[in-house]
Amino acid sequence: MSRTTTVPPCRICGGGLQEFFDFGKQPMANAYRTPGEPGEAFTFRLAGGICDRCTTVQLLEEAPHDRMFHGGYPYRSSGSSVMRSHFEQLADTFLATELDRPDPFIVELGSNDGIMLRKIAAAGVRHLGVEPCDDLAETGRRNGIRVCNEFFDEELGKRIREEDGPADVVFAANTFSHISFLDSVLRGIDALLAPHGVFVFEDPYFGDIVRKTSFDQIYDEHIFFFTVRSVKYMAAAHGFELVDAERLPVHGGEIRYTLARPGTRAVQPSVRTLLAEEEKAGLADPATLRRFSDDVRRVCTDLVSLLRALREDGRTVVGYGATAKSATLLNLCGIGPELLSYVCDTTPAKQGRLTPGTGIPIRSPRAFTEEFPDYALLLAWNHAEEIKSKESAFVASGGRWIEYVPDVRIS
Ligand code: TYD
Ligand code: ZN
């Protein structure tokens with residue numbers, strides 16, 4: 001239901017936002033508190049809408065940026081071998097295509113631990129990672145990349161251009177959709193990019209979120225959920241042209257968008273194909289969005305019923321992967337330590353802490369392998385293949401995975 005009186009205008013075009021989901025008060029997804037930590041955790045209303053003009057799906061309220069990305073931000077891109085090879089392949093592609101001219105220069109927004117740029121640095125190519133989280137900036141430097149420890153905006157784009165010259169490529173992975181002030185970022189990219197340059201970004205695809213009911217992609221850090229249609233609009237509104245859109249299997253389904261200055265590149269057929277698919281799927285239609293909200297409720301009901309039945313049966317159930325995504329799932333379903341005894345995760349900074357809002361202890365994967373539970377809820381479902389093959393002994397010993405995307409099932 002739309003509540004236009006409290007809804008802000010679209011951050012991209014100023015149009016009207018039509019609310020289509022409201023997950024209520026939620027904590028920040030990467031705010032892992034220590035047991036007994038004093039004070040209330042920060043919460044905000046996690047609700048979203050679609051713009052009736054440019055069709056960009058976005059959160060209605062946002063958590064403060066500096067609360068999200070700071071010294072203690074725990075996420076490390078290199079935690080998955082699949083993601084490591086994903087970014088190594090992309091670095092090779094950039095080196096072979098966009099960075100094959102004399103003295104090329106590439107800038108990455110949100111360079112994280114340097115997972116992509118380290119390969120560029122090893123090839124001796126001029127680069128700069130922009131990374132506002134202090135620890136990550138430091139890790140990137142240790143990994144041999146040059147890092148600027150600031151938030152990217154128009155002013156920084158201009159400064160980099162003055163100091164380093166124009167960029168052949170500006171790249172952002174799982175970063176662009178996290179930034180509320182995209183207008184300033186796009187002006188900064190405009191200032192920084194060479195006339196022939198490209199801005200390439202990849203983020204979760206709203207088409208996949210609807211198709212798989214992967215509503216756990218919705219949390220404080222994901223302010224925008226893009227489609228080809230909405231990115232085409234945004235690009236044009238900021239003096240760029242969407243020239244390519246490539247679907248990616250990572251993070252539960254993403255698209256890698258390529259923007260260039262208008263008329264400088266041939267528009268790839270994928271843009272038109274995906275636009276037609278989106279139209280056919282009715283991605284911007286109120287009926288589709290209502291169905292999505294109904295599907296979310298169904299998944300939550302099914303999952304809670306299953307977990308309660310297993311508990312009543314005396315089965316042990318744990319969570320696998322303390323993902324940011326799981327914060328939305330666990331809070332929306334009201335799943336706490338009484339239903340999941342712990343969640344295991346490889347990230348040292350998360351271990352010994354509690355899942356946000358639901359207070360489930362996070363333990364090292366050793367806890368899992370030392371004593372397999374009867375069931376494990378696969379919270380890091382986007383890494384299903386990698387995790388299932390790594391933990392094949394769990395199933396061999398009689399353990400079962402519980403999955404919830406696109407439907408709740410035992411596998
Ligand atoms: P990620 O896929 O980035 O999800 P999100 O963006 O929702 O946080 O995070 C994966 C999490 O799962 C991360 O905390 C590391 C953890 N993980 C494991 O514990 N074991 C594994 O084998 C893999 C691949 C990830
Ligand atoms: Zn809009």
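Coordinates for the structure precede this section.
Counting restarts for each chain: residues are numbered from 1 in the order of the written sequence. Naming scheme: in the order in which they are written, chains are lettered from A and ligands are numbered from 1. Totals for whole chains, interfaces and linings use all residues, but because this is a predicted model, local features are given only for residues with pLDDT of at least 70 and pairs of side-chain atoms are given and counted only at 80 or more. Side-chain measures were taken over the full set of non-hydrogen atoms in the model, leaving aside hydrogen atoms and water.

**As for the nonpolar core**
Side chains that are nonpolar tend, in soluble globular proteins, to be buried together. Formed by 104 residues in total, the largest nonpolar core has its most connected members in F176, F199, F201 and Y257. Secondary structure elements follow DSSP: runs of H or I no shorter than four residues count as helices, runs of E no shorter than two count as strands, and numbering proceeds from the N terminus. For this core, the element with the most residues is helix 10 (residues 286-312), which contributes 10 residues. The criterion used for residue contact is that any of the two residues' heavy atoms lie within 4.5 Å. In this structure F176 touches L182, V185, L186, F199, F201, D203, F226 and M234, once residues within four positions along its chain are discounted. By convention a nonpolar core is built from buried Ala, Val, Leu, Ile, Met, Phe, Trp, Tyr and Cys residues, the set being connected through side-chain atoms within 4.5 Å. For every residue, the accessible area (1.4 Å probe, protein chains only) is compared with the maximum for its type, and the residue is labelled buried under 20%, exposed over 50%, or partly exposed between those bounds. Core analysis: the next-biggest nonpolar cluster, separate from the first, contains 24 residues, M116, I145, V243 and L248 among them.

**Quick look at the packing of helix 10 against helix 11 (residues 325-333)**
Axes here refer to lines fitted to C-alpha atoms; in helices the fit is confined to the stretch in contact. Angles between the N-to-C directions go from 0 to 180 degrees. Where helix 10 contacts helix 11, the axes come no closer than 10 Å and their chain directions differ by 75°. Relative to helix 11, the element helix 10 is oriented roughly perpendicular. Contacts from V296, C300, L303 and V304 in helix 10 reach L329, L332 and C333 in helix 11. Residues are sorted three ways: Asp, Glu, Lys and Arg are charged, Ala, Val, Leu, Ile, Met, Phe, Trp, Tyr, Cys and Pro are nonpolar, and all the rest, Gly among them, are polar. Residue composition of the contact of helix 10 with helix 11, by class: 7 nonpolar, no polar and no charged. Throughout, the term roughly parallel applies to angles under 35 degrees, roughly antiparallel to angles over 145, roughly perpendicular to angles from 65 to 115, and oblique to all others.

**Considerations on the sheet that holds strand 3 (residues 57-59)**
A strand pair is defined by DSSP finding two or more bridges across the two strands. Spatially, the 4 strands line up as an open sheet ordered 1-2-3-9, and their pairing is antiparallel. Every other strand in the sheet has two partners, leaving strand 1 (17-27) and strand 9 (224-225) as the edge strands with one partner each. Looking at chain direction, strand 3 and strand 9 are connected through 2 bridges and run antiparallel. For V57, the partnering residue across the bridge sits in strand 9 and is F225. In the packing of helix 10 onto the sheet, the strands contacted are strand 1 and strand 2 (43-51), and the crossing angle to strand 1 comes to about 20°. Running over the sheet, helix 11 touches strand 1 and strand 2 and is turned about 85° from strand 1.

**Examining the coordination of the zinc ion (ligand 2)**
The coordination sphere of the zinc ion (ligand 2) contains the protein donors C10 (SG), C13 (SG), C51 (SG) and C54 (SG), at a distance range of 2.2 to 2.3 Å. Distances define the donors: N, O and S atoms within 2.8 Å of the metal qualify, as do those within 3.2 Å of Na, K or Ca. Water is excluded, so some sites may look unfinished. Here a site with four donors is tetrahedral if all angles are between 85 and 135 degrees, and a site with four or six donors is square planar or octahedral if opposite donors are over 155 degrees apart and the other angles are between 65 and 115; anything else gets the irregular label. For the zinc ion (ligand 2), the 4 donor atoms in the first shell make angles of 97 to 116° at the metal, so the coordination geometry reads as tetrahedral. All donors of the zinc ion (ligand 2) come from a single chain, and their spacing in sequence reads C-x2-C-x37-C-x2-C. Taking the relative accessible area as the measure of exposure, C51 reaches 2% and is therefore buried. Judged by relative accessible area, C54 falls into the buried class, the value being 2%.

**Concerning the pattern of salt bridges**
Criterion for a salt bridge: a side-chain nitrogen of Lys or Arg within 4 Å of a carboxyl oxygen of Asp or Glu. Using the criterion set out here, one finds 27 salt bridges in the structure. A salt bridge links R45 to E61, with the shortest nitrogen-to-oxygen separation between them at 3.5 Å. With R45 in strand 2 and E61 in the loop between strand 3 and helix 1 (65-68), the pair connects residues that are 16 residues apart, well separated along the chain. Through salt bridges with shared partners, one network takes in E19, D22, R45 and E61.

**Structural notes on the packing of aromatic side chains**
Here the aromatic set is Phe, Tyr and Trp, taking the six-membered ring for Trp, and pairing holds for ring centres within 6.5 Å; pairs whose planes are under 30 degrees apart are stacked, those over 60 apart are edge-to-face, and all others are tilted. Enumeration according to the criterion identifies 22 aromatic pairs in this entry. Taken together, a centroid distance of 5.5 Å and an interplanar angle of 75° make the contact between Y320 and W401 edge-to-face. In this pair, Y320 sits in strand 12 (residues 317-320) while W401 sits in strand 16 (residues 400-403), placing the two residues 81 residues apart along the sequence. Owing to a relative accessible area of 5%, Y320 belongs among the buried residues under this scheme. The exposure class of W401 is buried, given its relative accessible area of 2%. Cluster of aromatic residues (ring-pair linked, three or more members): F20, F21, F23, F206, F215 and F292. In this analysis the charged atom, NZ for Lys or CZ for Arg, is taken to sit over a ring once it is within 6 Å of the ring centre and within 35 degrees of the ring normal. Sitting above the plane of the F224 ring, R11 keeps its charged end 5.9 Å from the centroid.

**Focus on unusual backbone geometry**
Backbone geometry follows two general trends: most residues other than glycine have a negative phi, and most peptide bonds adopt the trans configuration. Here the bond from V405 into P406 is cis, since omega is 0°, no more than 30 degrees from zero. Within the fold, P406 resides in the loop between strand 16 and strand 17 (409-410). You will see that D103, though not glycine, has its phi angle at about 45°, which is positive. Residue classification places D103 among the exposed positions, given a relative accessible area of 53%. In this model, H251 sits at a positive phi of 50°, which is unusual for a non-glycine residue.

**Describing the packing of helix 5 (residues 154-164) against helix 6 (residues 182-192)**
For the pair helix 5 and helix 6, interaxial distance at closest approach is 7 Å and the crossing angle is 15°. Classified by the angle between their axes, helix 5 and helix 6 sit roughly parallel to one another. Between helix 5 and helix 6 lies a crossing of right-handed hand. Across the interface between the two elements, E154, G157, K158, I160 and R161 of helix 5 pack against S184, R187, G188, A191 and L192 of helix 6. Each residue belonging to the contact of helix 5 with helix 6 can be placed in one class, and the counts come to 3 nonpolar, 3 polar and 4 charged. Note on convention: the crossing is left-handed when the near helix lies turned anticlockwise from the far helix by less than a right angle, right-handed when the turn is clockwise.

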